[in-house]
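Here is what each chain is made of, one letter per residue.
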Amino acid sequence: MRTDLCATGPLLAVASAATGADRVQEIADDVRRSRGAVSVQGPGGTGKTVLLGELARAHDRAGLPVVGPDTAVDQLPDEFAVLVDDAQRLTDETADRVRRLLRHPGARVTVAFRPWPRPPALAALIDEMGSDRRSVVLGHADRALIRGWAREQLGEAATPGLVDALLARTGGLPALVHPLLRSLARQGAAGRGAAGRTAPGPPARLIVPEELAARLRADLAALDDELRALLHAVAAGGPVDDEVLGDALGVGPSRAAELITAARATGFLLADGEVVPLVQGVLLAATPPDVTRRTRRQLLGLLLDRGEDPLELARSLAADHVRDPRAAHLLERHGDAALHADPALAADLLGAAASSGAPVAGLAARRAQAAALTGDLDGALQWADTALGDESTPDRPRAAGVTATVLARRGLLGRAAELYRLAGDERAGSAALALLATGAPEETAAVLEEARRRPGSGVPTVLAVSEELMAQGVLQSLRSGPDAGADMAASLSTLTRAAALLEPVGRTALLLDTPAALAALVALHSGELGVAESVLQRALAAELGGPPSRPRHLLLTAWIAMLRGRMSAAREHMAEAAGGTPAGVLEPRDDLFLQALEVGLARRSSDVPALVQAWGRAREAFVRYPVDLFTLLPLGELMIAAARLKDADRLRPHLTEAQSLLGRLGEPQLWAAPLHWSGAQAAILADDPAGLRPHAAALVAASRTSPYAATLAGAGRTWMRVLTGEVDAGSVVAAAERLAAVGLAWDGSRLAGQAAVRALDPRARTALMSCARALADTHGVDTAPAPAASSTEGIPAPRTASSPGQLSEREQEVARLIVAGQTYREIGGRLYISAKTVEHHVSRMRQRLGAGNRSDLLARLRAELAEGG
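Keep in mind it's a predicted model, so treat the numbers as computed, not measured.

### Some words on the overall build of the protein
Moving on, step 1. Regarding its fold elements, the protein presents 43 helices and 6 strands.
Moving on, step 2. Taking all 869 residues of the protein together, 53% fall into the buried category.
Moving on, step 3. Considering only contacts in the protein between residues 6 or more positions apart, those separated by 24 or more positions represent 69%.
Moving on, step 4. Carbon together with sulfur atoms contributes 51% to the accessible area of the protein, which is approximately 36200 Å² in total.

### Let's talk about the packing of aromatic side chains
Moving on, step 1. In this structure the tally under the stated criterion is 2 aromatic pairs.
Moving on, step 2. With 5.7 Å between their ring centres and 70° between their planes, Trp559 and Phe593 make a pair best called edge-to-face. Placement of the pair is Trp559 in helix α28 (residues 546-563) and Phe593 in helix α30 (residues 588-604), with a sequence separation of 34 residues. Each of the two residues, Trp559 as well as Phe593, counts as buried.
Moving on, step 3. With a centroid separation of 5.9 Å and 55° between ring planes, the pair formed by Phe630 and Trp671 is classed as tilted. Here Trp671 lies in helix α34 (residues 669-685) and Phe630 lies in the loop between α31 (608-624) and α32 (632-644), a separation of 41 residues in the sequence.
Moving on, step 4. Taking relative accessible area as the criterion, Phe630 reaches 4% and is therefore assigned buried.
Moving on, step 5. Lying across the ring of Phe593, Arg552 places its NZ or CZ 5.0 Å from the centre.

### Some remarks on the packing of helix α18 (residues 360-373) against helix α20 (residues 396-409)
Moving on, step 1. With their axes 8 Å apart at the nearest point, α18 and α20 run at an angle of 30° to one another. Relative to α20, the element α18 lies roughly parallel. Of the two possible hands of crossing, α18 and α20 adopt the one that is left-handed. Here Ala365, Arg366, Ala368, Gln369 and Ala372 of α18 lie close against α20, whose contacting residues are Arg398, Ala399 and Val402.
Moving on, step 2. Here the contact of α18 with α20 is built from residues that sort into 5 nonpolar, 1 polar and 2 charged.

### A few points about the nonpolar core
Moving on, step 1. Leu524, Trp559, Leu629, Phe630, Leu635, Trp671 and Trp677 are the most contacted members of the largest nonpolar core, which totals 159 residues.
Moving on, step 2. The residues contacting Leu629, other than those within four sequence positions of it, are Leu436, Ala437, Val474, Leu478, Leu661, Leu662, Leu665 and Trp671.
Moving on, step 3. Among the nonpolar cores identified, the runner-up in size contains 43 residues, and Leu223, Val234, Ala235 and Ala262 belong to it.

### A closer look at the pairing of strand β2 (residues 38-41)
Moving on, step 1. Examined bridge by bridge, β2 and strand β5 (residues 107-113) share 4 bridges and lie parallel to one another. Counted as the bridge partner of Gln41 is Phe113 from β5.
Moving on, step 2. Judged from the 4 bridges that link them, β2 and strand β6 (residues 134-137) form a sheet pairing that is parallel. Note that in β6 the partner of Val38 across the bridge is Arg134.

### Re the pattern of salt bridges
Moving on, step 1. Applying the stated criterion to the full structure yields 47 salt bridges.
Moving on, step 2. Among the ionic pairs, Arg217 bridges to Glu210, the shortest N-O distance being 2.6 Å.
Moving on, step 3. Its relative accessible area of 37% is what places Arg217 among the partly exposed residues.
Moving on, step 4. Asp241 is the partner of Arg306 in a salt bridge, and the nearest nitrogen-oxygen pair spans 3.4 Å. Taken as a pair, Arg306 in the loop between α14 (289-305) and α15 (311-319) and Asp241 in the loop between α10 (225-235) and α11 (242-249) lie far apart in primary sequence, 65 residues in all.

### A word on a nonpolar patch on the surface
Moving on, step 1. Together, Val462, Val465, Leu501 and Val505 make up a nonpolar patch on the protein surface, roughly 250 Å² of accessible area in all.
Moving on, step 2. Note that Val462 resides in helix α24 (residues 462-477).
Moving on, step 3. Its relative accessible area of 33% is what places Val462 among the partly exposed residues.

### Side note on helix α12 (residues 253-265)
Moving on, step 1. Between the first and last C-alpha of α12 there are 18 Å, a value that for 13 residues agrees with the 18 Å anticipated at 1.5 Å per step.
Moving on, step 2. Regarding α12, the residues found buried are Ala256, Leu259, Ile260, Ala262, Ala263 and Ala265.
Moving on, step 3. Buried residues in α12 make contact with α10 and α11.
Moving on, step 4. Downstream of α12 by a residue or two, Gly267 has a phi angle that is positive, lying close to 90°.

### Brief notes about unusual backbone geometry
Moving on, step 1. The omega torsion of the bond from Trp116 to Pro117 falls at 0°, within 30 degrees of zero and hence cis.
Moving on, step 2. Assignment of secondary structure puts Pro117 in the loop between β5 and α5 (120-129).
Moving on, step 3. You will see that Glu543, though not glycine, has its phi angle at about 55°, which is positive.
Moving on, step 4. With a relative accessible area of 40%, Glu543 lands in the partly exposed category.

### Examining the pairing of strand β4 (residues 80-84)
Moving on, step 1. Counting buried residues along β4, 4 of its 5 residues qualify, which places the element largely inside the surrounding structure.
Moving on, step 2. Here strand β3 (residues 66-67) runs beside β4; their pairing, made up of 2 bridges, is parallel. The residue of β4 that forms the bridge with Val67 is Val82.
Moving on, step 3. By the bridge criterion, 5 bridges tie β4 to β5 in an arrangement that is parallel. Along β5, the bridge assignment pairs Phe80 with Ala107.
Moving on, step 4. Handedness of the crossover joining β4 and β5 through helix α4 (residues 92-102) is recorded here as right-handed.

Rules and cut-offs
- Each chain carries its own residue numbering, running from 1 in the written order of its sequence.
- Where local features are concerned, this predicted model is filtered to residues with pLDDT of at least 70; where side-chain atom pairs are given and counted, the filter is 80 or more; whole-chain, interface and lining totals use all residues.
- Think of the side-chain values as coming from all heavy atoms in the structure, minus any hydrogens and water.
- Helix and strand definitions here come from DSSP, where helices need a minimum of 4 consecutive H or I residues and strands a minimum of 2 consecutive E residues; each element is numbered from the N-terminal end.
- For the exposure calls, accessible area comes from a 1.4 Å probe over protein chains only, and a residue counts as buried if that area is under 20% of its type's maximum, exposed if over 50%, partly exposed in between.
- A contact between two residues is defined here by any heavy atoms of the two lying within 4.5 Å.
- Working definition of accessibility: Shrake-Rupley area with a 1.4 Å probe, residue cover restricted to the visible protein chains.
- A pair of Phe, Tyr and Trp rings is counted when the ring centres sit within 6.5 Å of each other, with Trp represented by its six-membered ring. The angle between the planes then sorts it: under 30 degrees is stacked, over 60 is edge-to-face, the rest tilted.
- Any Lys NZ or Arg CZ found within 6 Å of a ring centre and within 35 degrees of that ring's normal is scored as a charge over the ring.
- Note on definitions: angles span 0 to 180 degrees between N-to-C directions of axes, and those axes are lines fitted to C-alpha atoms, for helices only across the stretch in contact.
- For classification purposes, angles smaller than 35 degrees are called roughly parallel, those larger than 145 roughly antiparallel, those between 65 and 115 roughly perpendicular, and all remaining angles oblique.
- Take the far helix as the reference: if the near one is turned anticlockwise from it by less than a right angle, the crossing is left-handed, and if turned clockwise, right-handed.
- Side-chain classes follow a simple rule in which Ala, Val, Leu, Ile, Met, Phe, Trp, Tyr, Cys and Pro form the nonpolar group, Asp, Glu, Lys and Arg form the charged group, and the remainder, Gly included, forms the polar group.
- The definition of a nonpolar core used throughout is a set of buried Ala, Val, Leu, Ile, Met, Phe, Trp, Tyr and Cys residues joined through side-chain atoms within 4.5 Å.
- When DSSP finds two or more bridges between two strands, those strands count as paired.
- Note on definitions: salt bridges are taken to be side-chain nitrogens of Lys or Arg within 4 Å of carboxyl oxygens of Asp or Glu.
- Each patch is built from residues lacking any salt bridge and having more than 30% relative accessible area; the joining distance is 9 Å for like charges and 5 Å for nonpolar side chains (Val, Leu, Ile, Met, Phe, Trp, Tyr).
- Helix span is expected to be 1.5 Å times the residue number reduced by one.
- Orienting the strands away from the viewer, one traces the path from the first strand over the helix to the second; a clockwise path indicates a right-handed crossover.

In short, geometric facts, not functional conclusions.
If you want it as structure tokens, here you go:
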């Protein structure tokens, strides 16, 4: 009979009754009741001695004497037990005595031994025990067993992570697991005593007790020299292979195979060919470092000669700063391969290659590329500069492309265009994009034409083709005239094709901007918010552009949500964009969009203090990143905020530059229309019909060829009439619905709401309010006012149905806007009620709260809102 104890889950290697000894006793009692011989087999440290000790106590409790092999035959009782530990060490004489005892009718013999060695004396003894003997097989514990032990010792502190750490460090060897558990239990008890707690606390951390480390050092020192050398070779990174280890140890393959079997019998070498990590650490620490380095270099050479790639051995040598040309070459080769699959790994491997002696200058450009792809743009610039500074470096074009990409994200597009040209004709598309963004169409055409005349010696890469398509798509978007609508559709088609083409390899492509982002910008500038959202979702799913481009895609997605009035969703995307970068710091271009989003959300939430703070940060962001073609959206949002805060003069230089840029590009209607719409909204906020006219006129001119511009022009005319007191409910409703149809649901709802506030006819007012509410409900526009707090960090908590205090839900909404500094008319437009109704709510709140004047009312409202959460 065979009993695999680790499979059935008993505790094997602990003598303490506090940690599962009941199970050991149960097994010992079961073995005691066996009439025949029992064999207990298992590697070192799996609990054979512990089981024999408990078995001796079980025999004692049953009144059965335990005798030794040397007991004379005439002194033996009628019934007795014999317990033999480490039977693989028995001498021939002692083994003969045990065999004679086996023949006694009253003997119950239990023999424990390791799987190896199996000397003739032990083999003969096992044969004598017979095939009907009971067999107990011990082994390493699995995760479930360790989890049970940990719960017995630590209770609730036995977390899954701790169990995994125990299994990883000990390999499941019970002789190591239990000392660590006892140490953790002591740490937890000490912590509870110091803190005066009664509940169990989590253990501090997995610290190896010194007594356990000392015992391991002693056990390793007691091993045969060859066996210890084999364990050291495997711990140093060698494979469990007869030939390799035999060559490393200077023995034949058969002897190496024997040593491997012996190593497994110690319990220190696991079935997967790894040394138990805790033992590995002690063994390497006890071995002189020069011996370990020499062993690793020897193993590296042996494996390379066999045609293998011992990458981890090379990394270990590099970590020890061992200069080895073969290791350096191996690390460099694997680093190159990882550049297009795992940039973080590539960065580590190329750095290790430098530590192993590979020329630093020759690696610099690739290290720059790896750093950029992982989001470390500062590190990328440093490495790329090393390569650019040495004209003899063959990899300068790669370094130029990396530097150009980083500079483009930081607003230096002119310099980026030069560097892309230095990077070669393959990067002509990005050079053209940089020139277009700064308003240089003639130079753009020259760059593309020059690249076509010199196509190079090889087939264009996917990246090169995609970048050229991106440049073509943006050029198509710049056209004006009778076919502007068709050109806009062609532009979107070209850019989405570029994005789809790049998806399989785009995760490791360093780009000035991604085709998905450019397609989204074109769609946003033409009222195709659904298209913009779709292409961005695909880019996020495909990780287009890798980690450096993810914030860009998330912020543009947030922009779409803001235009649609979905403020909470916008904030979620913004938080994800900022949180996914090192230290939460965005590159200047992304930061500009983030700050403009903060401005837009604060304005739409009517949170004046937050708007003031966001306005200051946004102005600083524009200083760090100047105006280009792809940043007109944030500029337009800041135009409106400047009008709201009566601070338009600060923005005038940026607006002048934008107008000059559009002029150099031929006044492209697609890119200019949203900026004119922002100008119109700025005039609306300032209640300035005269300021509205030029923007309305520009939109009217563009409306002849652009349906989107026609929608904006119609809305501008309607706003102008509303501002002058001419409210035609039918025209307002039609204009508002057209705005919602192009994704501007918040603007449409606001137009209807403000017209309702100004309408004199009660029926018109009711119709306009119904339109405002319907648009908000249908398109998911957030209508709840923002909290009165001035900070715009994070995501506002959702409004609850009711809160404690004296105010109704509607009165709480009005109160928040009153505290935020809005007028009755603004509040009415925000909540789709008349200014008279707002006044009525305020009067009731004043009465209910007992406020004597406006200052007193504001103080009481703040207190009431704070109490209501």
